[in-house]
Amino acid sequence: MKFSARTCVASAVAPGSPVSAKIRGDFARVSRISVSGILPQPFSAKALKMFNNVSQQPLDRSREHQHKLRAVSGTALLLCAMLIAASVPVNVFGSPLRAAQTASASQPVVVQPGAPGKPSKTLPPSTTGTLPARSQADVDFMQGMIMHHSQAVEMTALIPSHTDNKDIRLLGAKISSSQSDEIKFMQRWLAARGESTSMAMPGMSGMDASGKPMALMPGMLTPEQMEALRNAKGAEFDHLFLTGMIQHHNGALIMVKDLFDTAGAGQEADIFNFATDADNTQRAEIKIMQSMLEKKSPEEKR
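Residues numbered from 1 in each chain as written. Predicted model: local features only at pLDDT ≥ 70, side-chain atom pairs only at ≥ 80, totals over all residues. Heavy atoms only, no water.

Participant: I tried to follow the packing of aromatic side chains on my own but got confused; where do I start?
Facilitator: Any two aromatic rings considered together are summarised by their centre-to-centre distance and by the angle between their planes. Counting across every chain of the model gives four aromatic pairs. Both rings, one in Phe141 and one in Phe274, keep their centres 6.3 Å apart while their planes meet at 65°; by these two values the pair is edge-to-face. Residue Phe141 is found in helix H6 (residues 136-156), and its partner Phe274 is found in helix H11 (residues 269-294); the two are separated by 133 residues along the sequence. Take Phe141 and Phe274: they sit in the same class, and that class is buried. With a centroid separation of 5.4 Å and an interplanar angle of 40°, the aromatic rings of Phe185 and Phe274 are classed as tilted. Residue Phe185 is located in helix H8 (residues 166-192), and its partner Phe274 is located in helix H11; the two are separated by 89 residues in the primary sequence. Relative accessible area serves as the criterion here: at 22%, Phe185 is assigned to the partly exposed category. Through successive ring pairs, a cluster of aromatic residues spans Phe141, Phe185 and Phe274. (Phe/Tyr/Trp six-rings, centres within 6.5 Å; stacked < 30°, edge-to-face > 60°. Helix = DSSP H or I, 4+ residues; strand = E, 2+ residues; numbered from the N terminus. Buried < 20%, exposed > 50% of the residue type's maximum accessible area, 1.4 Å probe, protein only.)

Here it is as structure tokens:
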């Protein structure tokens, strides 16, 4: 084993180089040490002669070895180039394959989730979303709630000129902002479905389909109540506003309950979320207004 390993090292060095001469000298010294130290004495002379012959052989064979290595390396590089060329489509940037890949990447992937335990389904890219079937009760609820919210906004518009109560002003600003935003949402919902976004105000010149005056929506203030609110000032206004808005909010809760009590109504995600959120918000505001009524204003304490 030692002989073959050292022979390989020696053959890898170019002949005539300083390193070659050094290795040749080292071989003579190492071979003598290894033979005399390891082999039995009767065989030391023969082994020594064998190592000396090897170390003194011409190293011209290294040139032939290097030529072979270069030839093998060239063949390997040529094979790699051929493999790479075979794996790339001809005219890759303008090939039909490249065009097909680009076209498929630009088209959306439409996936329809399957029912529980069922696989999903891939739909054609031309698939478009459709609005779920609506209930007429949904339309009536939205149209009625727009009218309902509009009166609440009208009531809050009286606050700046009718009272200096900071709590009433803060509450009124919150109600006005939230219900104005909800009116815009309901108008968009109706317009997207081709429905009218407004109804004639009941108690005024509006008429229903039969030609009779439209009834007030639940909780809405009568024309007489609205007139009294407009004529009140200070503590009297605060009291009429709070009692009137509590009545108004309770009416909205009735409208939400009627919606969900109607078969097939309130099932669409948008209207379901809106109705439940309106219910929660107005319940919370009713509690706030009830606690405000329990507190006497400075004018009432006198």
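Back to the write-up after that little detour.
Participant: I would appreciate a short explanation of the side chain of Asp138 in the present structure.
Facilitator: Counting through the fold element by element, Asp138 comes out in helix H6. Lacking a salt bridge, the buried Asp138 has Arg193 as its closest oppositely charged neighbour, with an N-O distance of 7.3 Å. At a separation of 2.7 Å, a polar atom in the side chain of Asp138 contacts the main-chain amide nitrogen of Gly266. When sequence neighbours within four positions are dropped, the list of residues in contact with Asp138 reads Trp189, Leu259, Ala265, Gly266 and Ile271. (Lys, Arg positive; Asp, Glu negative; His and termini not counted. Salt bridge = Lys/Arg side-chain N within 4 Å of Asp/Glu carboxyl O. Polar contact = N/O pair within 3.5 Å; in protein donor to acceptor, adjacent residues only side chain to side chain. Contact = heavy atoms within 4.5 Å.)

Participant: What am I meant to see in the packing of helix H10 (residues 234-261) against H11 here?
Facilitator: Helix-helix packing is described using two parameters, namely the angle between the two axes and the distance between the axes. Closest axis-to-axis distance for the H10/H11 pair is 9 Å, and the angle between their directions is 155°. Here H11 runs roughly antiparallel to H10, going by the angle between their axes. The interaxial crossing formed by H10 with H11 has left-handed handedness. (Axes fitted to C-alpha atoms, helices over the stretch in contact; angles between N-to-C directions. Parallel < 35°, antiparallel > 145°, perpendicular 65-115°, else oblique. Left-handed = near helix turned anticlockwise from the far one by under 90°.)

Participant: How should the confidence of the model for the protein be read in this particular structure?
Facilitator: For residues with low pLDDT, the predicted coordinates do not support detailed interpretation. Residues of the protein with pLDDT of at least 70 account for 60%, and the chain-wide mean is 76. The spread of mean pLDDT over the elements of the protein runs between helix H1 (residues 2-11), the lowest at 44, and helix H9 (residues 223-231), the highest at 97. For the stretch residues 1-14, pLDDT sits under 50, and the model shows 18 contacts to residues farther than four places along the chain or on other chains. Within the model, the stretch residues 19-23 combines pLDDT values under 50 with seven contacts to residues more than four positions away or in other chains. (pLDDT = per-residue confidence, 0-100.)

Participant: What exactly am I supposed to notice about H11 here?
Facilitator: Every α-helix carries 3.6 residues per turn, so stepping three or four residues along brings you back to the same face. With 26 residues, H11 should reach 38 Å at 1.5 Å per residue; the first-to-last C-alpha distance of 38 Å fits that figure. Taken together, the buried positions of H11 are Ile271, Phe274, Ala275, Ala278, Asp279, Gln282, Glu285, Ile286, Met289 and Met292. Tucked inside the fold, the buried residues of H11 contact H6, H8 and H10. (Expected span 1.5 Å × (residues − 1).)

Participant: Any chance you could explain the nonpolar core here in plain terms?
Facilitator: One broad rule of soluble globular proteins: the nonpolar side chains tend to lie buried together. Counting 21 residues, the largest nonpolar core has Phe141, Met142, Met145 and Met186 as the members making the most contacts within it. Elements supplying a minimum of two residues to this core: H6, H8, H10 and H11. Looking at this core, the element that brings in the most residues is H6, giving seven residues. The contact partners of Phe141, leaving out residues within four places of it in the chain, are Met255, Val256, Leu259, Ile271, Phe274 and Ala275. The next biggest cluster of nonpolar side chains, apart from the first, holds 20 residues, and it includes Met155, Ala232, Met245 and Met289. (Core = buried A, V, L, I, M, F, W, Y, C linked by side-chain atoms within 4.5 Å.)

Participant: I would appreciate a short explanation of the packing of H9 against H10 in the present structure.
Facilitator: For the pair H9 and H10, the least separation of the axes is 9 Å and the interaxial angle reads 150°. Classified by the angle their axes make, H9 and H10 are roughly antiparallel. As H9 runs across H10, the sense of the crossing is left-handed. Residue-level inspection shows Gln225, Ala228 and Leu229 of H9 in contact with H10, the latter providing Phe237, Leu240, Phe241 and Gln247. The residue inventory of the contact of H9 with H10, partitioned by class, reads five nonpolar, two polar and no charged. (Nonpolar A, V, L, I, M, F, W, Y, C, P; charged D, E, K, R; others polar.)

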